[in-house]
Amino acid sequence: MPRVYVSVGSNIDRERNIRDALRDLREYSGNLIRSPVYETPAVGFDGDPFYNLVVAFDTTDSVDQVVQELDRIESAHGRRRGGLPKYSARALDLDILMYGDLIRHDSGMDIPRGEITERDFVLGPLAEIAPALKHPETGEAFDALWKRYCQAHPQAGLTPVNFDD
């Protein structure tokens, strides 16, 4: 049974949307492993800061079924896709980072997601909940990738938020 890692983010009514997303993800998956919640600045546009975290769960669903469920949860919380810039405010953003050891870069699917090694708000929380897990393409453990990222980006840092769900 594959373990799925999902990044969760919101910068519109972020406490409510993150709390509701976690509830919906628990209802879908039965059990979640989750990182702490971090406040991070908007990337690619001027906007309110985000709350970000990474969650993991095991599933018997196919990757396509998981994507459909994540899209459904986003839509239920006001996510609109059509006509918006790539980088814009979001009520809820759920992105599959990894689906077991699957490597798939086609039909709009990017697994493992490129943002894993590019964004501190993805890599840091992922390294927290799965430090010894290896990136399916590079073979490097996430804690090692995070340490190298922090060395290359000394300004990188995540601000934890006191967040109870």
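Computed from a predicted model, the values in this text were never measured in an experiment.

Enquirer: Outline the pattern of salt bridges, listing residues and values.
Expert: Considering all chains together, one arrives at 13 salt bridges under this definition. Close ionic contact of D64 with R104 constitutes a salt bridge, the shortest N to O distance being 3.4 Å. One end of the pair, D64, is in helix α2 (residues 63–76); the other, R104, is in strand β6 (residues 104–106), with 40 residues separating them in the sequence. For D64, a relative accessible area of 38% puts it in the partly exposed group. As a salt-bridge pair, E69 and R72 come within 2.7 Å of each other at their nearest N and O atoms. Placement of both E69 and R72 in helix α2 is noted, with a separation of three residues, approximately one turn of the helix. Several salt bridges converge on common partners, so that one network encompasses D13, R16, D20, R23, D24 and E27.

Enquirer: So, the pairing of strand β1 (residues 3–10): which residues are in play, and what are the values?
Expert: Taken across its eight residues, β1 has seven buried, putting it largely inside the fold. Relative to strand β4 (residues 50–58), β1 runs antiparallel, the two sharing eight bridges. Bridge pairing in β4 links G9 to N52. Two strands pair when backbone bridges link them, and β1 and strand β5 (residues 93–99) are joined in this way by six bridges, in the antiparallel orientation. For V4, the partnering residue across the bridge sits in β5 and is Y99.

Enquirer: Give a detailed account of the side chain of D20, specifying residues and quantitative values.
Expert: Relative to the elements of secondary structure, D20 occurs in helix α1 (residues 14–29). The exposure class assigned to D20 is buried, which follows from its relative accessible area of 15%. A polar contact of 3.3 Å, which involves the side chain of D20, links it to the side chain of R23.

Cut-offs and rules
Residues numbered from 1 in each chain as written. Predicted model: local features only at pLDDT ≥ 70, side-chain atom pairs only at ≥ 80, totals over all residues. Heavy atoms only, no water. Salt bridge = Lys/Arg side-chain N within 4 Å of Asp/Glu carboxyl O. Helix = DSSP H or I, 4+ residues; strand = E, 2+ residues; numbered from the N terminus. Buried < 20%, exposed > 50% of the residue type's maximum accessible area, 1.4 Å probe, protein only. Pairing = 2+ DSSP bridges. Polar contact = N/O pair within 3.5 Å; in protein donor to acceptor, adjacent residues only side chain to side chain.

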